[in-house]
Amino acid sequence: MSLLVVGSVAFDGIESPYGKVDRTIGGAATYFSVAASFFTPVHLVGIVGDDFTDVDTKIFKGRKIDIEGLERAPGKSFFWAGKYSENLNDRTTLTTELNVFADFKPKLPEKYRKSKFVFLANIAPDLQRDVLQQVAKRPKIAALDTMNYWIEGSNADLLKTLKGVDILMINDSETRQLSNEHNLLRAAKRIFKLGPSTLIIKRGEYGAMMVDKRGAFCVPAFPLEEPHDPTGAGDSFAGGFMGYLASVGNKSDMSLRRAMVYGSVMGSFTVEKFGLDRLKTLKTSEIHARARHFAKLTQFTL
Ligand code: AMP
């Protein structure tokens, strides 16, 4: 089943202890689409400026990513720059320039409107809501990611958008910020009152936790000796998670648990190299091999 995503398609500047790039293709929807396309066809909604050339578009070519919904407008593409701490756990945003996203009015191509799986990747909450409202029927799963920039700057809009969402997928500091609660299980209870019935908390090198009314399920992050750049790891996690769910077409408890593992697998590949470099060369066989490795990693008897 195809999967609809709206979010940033961007140029990023990245500085980590392992190197620095001034301008490379990035954006939440870009990482998400590339990761998800290993599992299922993706329909992408977003906007780029006239600085986004045919060479840049190549990242989507030869993959199951439909870019009819990727608008081109005069002006500059979204630009974001960030810097990582020595241990890669903390990130400081240096620049966020919305550019063409500031006046974006998404219009879904007809074939996108039937989507059963929808991911509202990190972008302005009113744009996320606009896209969700254009989907003909309530999707089987609508999931949303956001970040401190929108929690602080567009809080009322975000709360409106959350009402129509099943799964919220954010990191631990965003969970605490949105819920005003330090303990993550108590934070989940507060977040359930805002709309979502499932909360997925991405915890970087500590893995990810899914919380719903039944309880919590945790996956570790894949242990890597040489992580290089965490940019896009959260979006790749989301791509693996939603891509897997759309490929199986259901949201049973076991499918959600397996989706958590595929999310973690995709996030782990992304951090192995800078930007999208690792996903560009990734093979499906490597994804399944790592998923099997995950099963071993967490297996034990009592
Ligand atoms: P992640 O590392 O998974 O949190 O996502 C990194 C990506 O998010 C980068 O490629 C950025 O282009 C994109 N990004 C950063 N800030 C924002 C924002 N405020 N809105 C939308 N996308 C953003």
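Residues numbered from 1 in each chain as written. Predicted model: local features only at pLDDT ≥ 70, side-chain atom pairs only at ≥ 80, totals over all residues. Heavy atoms only, no water.

Student: It is not clear to me how the environment of S33 should be interpreted in this structure. Could you clarify?
Tutor: Note that S33 resides in helix α1 (residues 28-36). Separated by 169 residues in sequence, S33 and K202 place their C-alpha atoms 18 Å apart. Non-local contacts of S33, meaning those with residues more than four positions away in its chain, are made with V5, V42, L44 and I65. (Helix = DSSP H or I, 4+ residues; strand = E, 2+ residues; numbered from the N terminus. Contact = heavy atoms within 4.5 Å.)

Student: Looking at this structure, I do not really get the packing of aromatic side chains. What am I missing?
Tutor: Each aromatic ring pair is specified by the distance between its two centres and by the angle formed by the two planes. Per the stated rule, a full pass over the model turns up nine aromatic pairs. Above the ring of F11, the side-chain terminus of R23 is found at 3.8 Å from the ring centroid. A cation over an aromatic ring shows up here: R290 above the ring of F269, its NZ or CZ 3.9 Å from the ring centre. (Phe/Tyr/Trp six-rings, centres within 6.5 Å; stacked < 30°, edge-to-face > 60°. Lys NZ or Arg CZ within 6 Å of the ring centre and 35° of its normal.)

Student: Help me understand unusual backbone geometry in this model?
Tutor: Excluding glycine, a negative phi dihedral is what most residues carry, and trans is how most peptide bonds are arranged. The phi torsion at N99 lies on the positive side, around 45°, for a residue other than glycine. Within the element layout of this structure, N99 appears in the loop between β8 (91-97) and β9 (117-120). The class of N99 is partly exposed, set by a relative accessible area of 27%. Unusually for a residue other than glycine, N180 sits at a positive phi of about 60°. Of note, N180 is situated in the loop between α6 (172-179) and α7 (184-192). (Buried < 20%, exposed > 50% of the residue type's maximum accessible area, 1.4 Å probe, protein only.)

Student: Got a minute to help me understand the site of the ligand in this structure?
Tutor: Near the ligand there are 21 residues, and of these S8, D12, G27, G232 and D235 occur at the shortest range. At a separation of 3.5 Å, a nitrogen atom of the ligand approaches a polar backbone atom of N122. Residue G232 places a main-chain N or O atom 2.7 Å away from an oxygen atom belonging to the ligand. Look at the ligand: alone it shows 510 Å² of surface, and the protein chains cover 93% of it. Of all the secondary structure elements, the ones that give two or more residues to the shell around the ligand are β2 (10-16), α1, β7 (78-84), α4 (148-153) and α8 (233-248). Counting residues per element, the shell around the ligand draws most heavily on α8, which supplies three residues. Per-class residue counts for the shell around the ligand are 11 nonpolar, seven polar and three charged. (Near = heavy atom within 4 Å. Polar contact = N/O pair within 3.5 Å; in protein donor to acceptor, adjacent residues only side chain to side chain. Areas by Shrake-Rupley, 256 points an atom, 1.4 Å probe, with all protein chains shown as cover. Nonpolar A, V, L, I, M, F, W, Y, C, P; charged D, E, K, R; others polar.)

Student: Would you take a moment to explain the side chain of S77 for this structure?
Tutor: Mapped onto the elements, S77 comes out in the loop between β6 (70-72) and β7. Excluding anything up to four places from it in sequence, S77 contacts F11, V48, G49, D51, F52, N99 and V100.

Student: Even after reading the chapter, I still don't get a positive patch on the surface, so can you show me in this structure?
Tutor: Together, K116, K137, K140 and K251 make up a region of like positive charge exposed at the surface. Here K137 shows up in the loop between α3 (125-134) and β10 (141-144). Classification of K137 by relative accessible area gives exposed; the value is 64%. (Patch = residues over 30% accessible without salt bridge, like charges linked within 9 Å, V, L, I, M, F, W, Y side chains within 5 Å. Salt bridge = Lys/Arg side-chain N within 4 Å of Asp/Glu carboxyl O. Lys, Arg positive; Asp, Glu negative; His and termini not counted. Charge placed at Lys NZ, Arg CZ, Asp CG, Glu CD.)

Student: Would you explain α1 in this entry?
Tutor: Working note: α-helix, 3.6 residues per turn, so residues spaced by three or four point in the same direction. Burial runs high along α1: nine of the nine residues are buried. Burial in α1 covers these residues: A28, A29, T30, Y31, F32, S33, V34, A35 and A36.

Student: Could you clarify how one ought to interpret the packing of α3 against helix α5 (residues 155-162) in this entry?
Tutor: How two helices sit against one another is set out by the angle between their axes and by the gap between those axes. Between α3 and α5, whose axes approach to 8 Å, the crossing angle comes to 25°. In this view, α3 runs roughly parallel relative to α5, as classed from their interaxial angle. Crossing geometry of α3 relative to α5 is assigned as left-handed. Contacts from P125, D126, Q128 and R129 in α3 reach D157, L158, K160 and T161 in α5. A breakdown of the residues in the contact of α3 with α5 according to their chemical character gives two nonpolar, two polar and four charged. (Axes fitted to C-alpha atoms, helices over the stretch in contact; angles between N-to-C directions. Parallel < 35°, antiparallel > 145°, perpendicular 65-115°, else oblique. Left-handed = near helix turned anticlockwise from the far one by under 90°.)

Student: Even after reading the chapter, I still don't get helix α9 (residues 253-272), so can you show me in this structure?
Tutor: In this model α9 runs 30 Å from its N-terminal to its C-terminal C-alpha over 20 residues, within 8% of the 28 Å that 1.5 Å per residue would give. In terms of burial, α9 is a largely internal element, 16 of the 20 residues being buried. (Expected span 1.5 Å × (residues − 1).)

Student: What should I look at first to understand the nonpolar core in this one?
Tutor: A general feature of soluble globular proteins is that nonpolar side chains tend to end up buried together. Formed by 58 residues in total, the largest nonpolar core has its most connected members in F119, M169, F241, M242, M260, M266 and I287. Formed by 44 residues, the second largest nonpolar core is a distinct cluster that contains V6, L120, L144 and L199. (Core = buried A, V, L, I, M, F, W, Y, C linked by side-chain atoms within 4.5 Å.)

Student: Whenever I open this one, the sheet that holds β7 confuses me. Can you help?
Tutor: Backbone hydrogen bonds hold the strands of a sheet together, and the pairing may be parallel or antiparallel. One open sheet accounts for four strands, arranged β3-β2-β7-β8; its pairing is mixed. Taken across any chain shown, the strands that pair with only one partner, and hence form the sheet edges, are β3 (19-26) and β8. Looking at each pair of strands side by side, their axes are set apart by 15° on average, direction ignored. Two elements, β7 and β8, share six bridges in a ladder whose sense is antiparallel. Its bridge partner being in β8, F79 is matched across the sheet by E97. (Pairing = 2+ DSSP bridges.)

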